[in-house]
Amino acid sequence: MERSTASDTASEKPNPSHHSTGAVQMRIKNANSHHDRLSQSKSMILSENVKVPEPVVEKEGYLLKAKIADGGKKLRKNWSTSWVVLTAQKMEFYKESKQPALANLKPGYKPECVDLCGACIEWTSEKSSRKNVFQITTVSGNEFLLQSDIDFLILDWFHAIKNAIDRLPKERSCTSRNLEFKLRRSSSIELLNSLDTESKEPKPEHRKSLIFRLNYSASDTNDRNRVKSRLKKFISRRPSLKTLQEKGLIKDQIFGSHLHLVCEHEKSTVPQFVRLCIKTVERRGLDVDGIYRVSGNLATIQKLRFVVNQEEKLNLDDSQWEDIHVVTGALKMFFRELPEPLFPYCFFEQFVEAIKIQDNATRIKSIRTLVKKLPRPNYETMKILFEHLKKIAAKESVNLMSTQSLGIVFGPTLLRPEKETGNMAVHMLYQNQIVELMLSEYSKIFGSEED
């Protein structure tokens, strides 16, 4: 009996060999599951590291770029050469060609990016004295100027960016951001009206300090409404520009005014500023290399513009105007800022049709007929200007400015259509040819009938 009990007891005890085998199997199973998890995590990492295909580049190349506003805040204009990359939804600016730039990028570096969703693009001649400049304005209030001296290149860029913008959906978020940006630039009366409809968000009770309660008390609300009402009346009763000019509080501007108004104000047929600039250039600029082609310092040109508009006594021999390119730059700016160019809009197509005539004698005769039909201030100013440019071209061997070079400089400045169309490059070619022909055949076009 005791032996059987002992055997039973022995049978109840677990077999150590079976126990150790099970433990080994458990460890192997755990190791296998751990290996599975590692392989699974590796596959996840590999899948995460799979490169997302980059957006298709629609166009890329070098352009001059200047950022003039950031979030609606104006910035100082600073031109720099950038490698521009255009994709379907954005533009990126690099300091050099994209591939070398990517190879040399520092960790964390991101190129300057422009979101084209809801952006606007337009040609501009007011933001820069350079030619072939267009502006891109984003919904966030960023503004960029892009420029190239090569006509067909900048035209191609303009259409490529415009097409990219037009293809993008006009999202509601873009619209609301654009509206917010426009509101910040709205007029005084609009801002006052917007105050009435402002939503007042509830604030936590613990933030309602004594000053907060005083500001929003009933009496203070009445005071604010009374102030707004008085401001609205003041703004609506402001005297007109004409009234201020009649009282002498605001003087007539020279830059940006119509040519005939400037002449009427000065009781002349040619603006005094034009005569003064021409006289100065002929005295000390005929032999200067690249005269009228080389740009002067824009800040100094703007300073000269301000002096002229304030009707201060102008002495172009003063040391601050010693750079002759400042004088020529100001003269070009005067003609560029005319609301209607020296060749009036209604004559543009007629001059273009005349320059297309194959027979040279007939072409000159047609141009001469059109010139004679111009208003007196336009004709007299044009005559004295082209006589001056003819003297510049006569010194071509010294200043390197031929009639063709002068045509390229002055064509778009003196002659342009009222509305820009897709034929901009073609128009620019005709503009240059018209100015070039009028310089070459000056005596036949501006001379008397007997000549």
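This text follows the structure it describes.
Keep in mind that what you see is a predicted model, and the values were worked out from it rather than measured.

**Student:** Describe in detail the overall build of the protein chain, supporting the description with residues and values.
**Tutor:** When its secondary structure is counted, the protein chain shows 20 helices and eight strands. Here the protein chain holds 451 residues, and the buried ones make up 36% of them. If you sum the accessible surface of the protein chain, you get close to 28300 Å²; carbon and sulfur atoms cover 53% of it.

**Student:** Can you explain the packing of helix H16 (residues 376-394) against helix H18 (residues 403-414)? Please cite residues and give values.
**Tutor:** With their axes 10 Å apart at the nearest point, H16 and H18 run at an angle of 150 degrees to one another. In terms of orientation, H16 lies roughly antiparallel with respect to H18. For the element pair H16 and H18, the recorded crossing hand is right-handed. The segment H16 lies against H18, with Leu385, Phe386, Leu389, Ile392 and Ala393 engaging Thr403, Leu406, Phe410 and Leu414.

**Student:** Account for the pattern of salt bridges, with residues named and values stated.
**Tutor:** Inspection of every chain in the model, using the stated rule, returns 19 salt bridges. One salt bridge connects glutamate 92 with lysine 90, and the closest N-O pair in it is separated by 3.1 Å. Residue glutamate 92 is classed as buried on the basis of its relative accessible area, which comes to 13%. A relative accessible area of 27% places lysine 90 in the partly exposed class. Here the salt bridges do not stand alone but share partners, grouping Lys65, Lys67, Asp70 and Glu112 into one network.

**Student:** Please give an account of the pairing of strand S3 (residues 80-86) that cites residues and values.
**Tutor:** Most of S3 is tucked away: five of the seven residues are buried. Pairing analysis gives four bridges linking S3 to strand S4 (residues 90-94), with the strands arranged antiparallel. Its bridge partner lying in S4, valine 85 is registered against glutamate 92. Connecting S3 to the antiparallel partner S4 that follows it, the hairpin turn spans three residues.

**Student:** Can you explain the nonpolar core? Please cite residues and give values.
**Tutor:** Among the nonpolar cores identified, the biggest contains 65 residues, and Phe334, Phe335, Phe343, Val371, Phe386, Met438 and Phe446 are the most heavily contacted of them. Excluding residues that lie within four positions of it along the chain, phenylalanine 334 makes contacts with Ile254, Phe255, Leu259, Pro271, Phe273 and Val274.

**Student:** Break down helix H19 (residues 424-440) for me, with residues and values.
**Tutor:** Residue pairs spaced three or four apart in an α-helix point in one direction, given the helix's 3.6 residues per turn. The end-to-end C-alpha distance of H19, which contains 17 residues, comes to 24 Å, matching closely the 24 Å that a straight helix rising 1.5 Å per residue would cover. Inspection of H19 places Met424, His427, Met428, Tyr430, Gln431, Asn432, Ile434, Val435, Leu437, Met438 and Leu439 among the buried residues, and these make up the whole buried set.

**Student:** Account for the packing of aromatic side chains, naming residues and giving values.
**Tutor:** All told, the structure shown has 15 aromatic pairs when counted by the stated rule. Ring geometry for phenylalanine 134 and phenylalanine 158: centres 5.5 Å apart, planes at 75 degrees, overall edge-to-face. Of this pair, phenylalanine 134 sits in strand S7 (residues 133-137) while phenylalanine 158 sits in helix H4 (residues 151-167), placing them 24 residues apart in sequence. Judged on exposure class, the residue phenylalanine 134 and its partner phenylalanine 158 are both buried. Look at phenylalanine 334 and phenylalanine 335: their rings are 5.4 Å apart centre to centre, the planes differ by 75 degrees, and that puts the pair in the edge-to-face class. Here phenylalanine 334 and phenylalanine 335 have matching classes, each one buried. Through a chain of ring-to-ring contacts, three or more aromatic side chains come together here, namely Phe255, Phe273, Phe334 and Phe335.

The rules behind each value
Residues numbered from 1 in each chain as written. Predicted model: local features only at pLDDT ≥ 70, side-chain atom pairs only at ≥ 80, totals over all residues. Heavy atoms only, no water. Helix = DSSP H or I, 4+ residues; strand = E, 2+ residues; numbered from the N terminus. Buried < 20%, exposed > 50% of the residue type's maximum accessible area, 1.4 Å probe, protein only. Areas by Shrake-Rupley, 256 points an atom, 1.4 Å probe, with all protein chains shown as cover. Axes fitted to C-alpha atoms, helices over the stretch in contact; angles between N-to-C directions. Parallel < 35°, antiparallel > 145°, perpendicular 65-115°, else oblique. Left-handed = near helix turned anticlockwise from the far one by under 90°. Contact = heavy atoms within 4.5 Å. Salt bridge = Lys/Arg side-chain N within 4 Å of Asp/Glu carboxyl O. Pairing = 2+ DSSP bridges. Core = buried A, V, L, I, M, F, W, Y, C linked by side-chain atoms within 4.5 Å. Expected span 1.5 Å × (residues − 1). Phe/Tyr/Trp six-rings, centres within 6.5 Å; stacked < 30°, edge-to-face > 60°.

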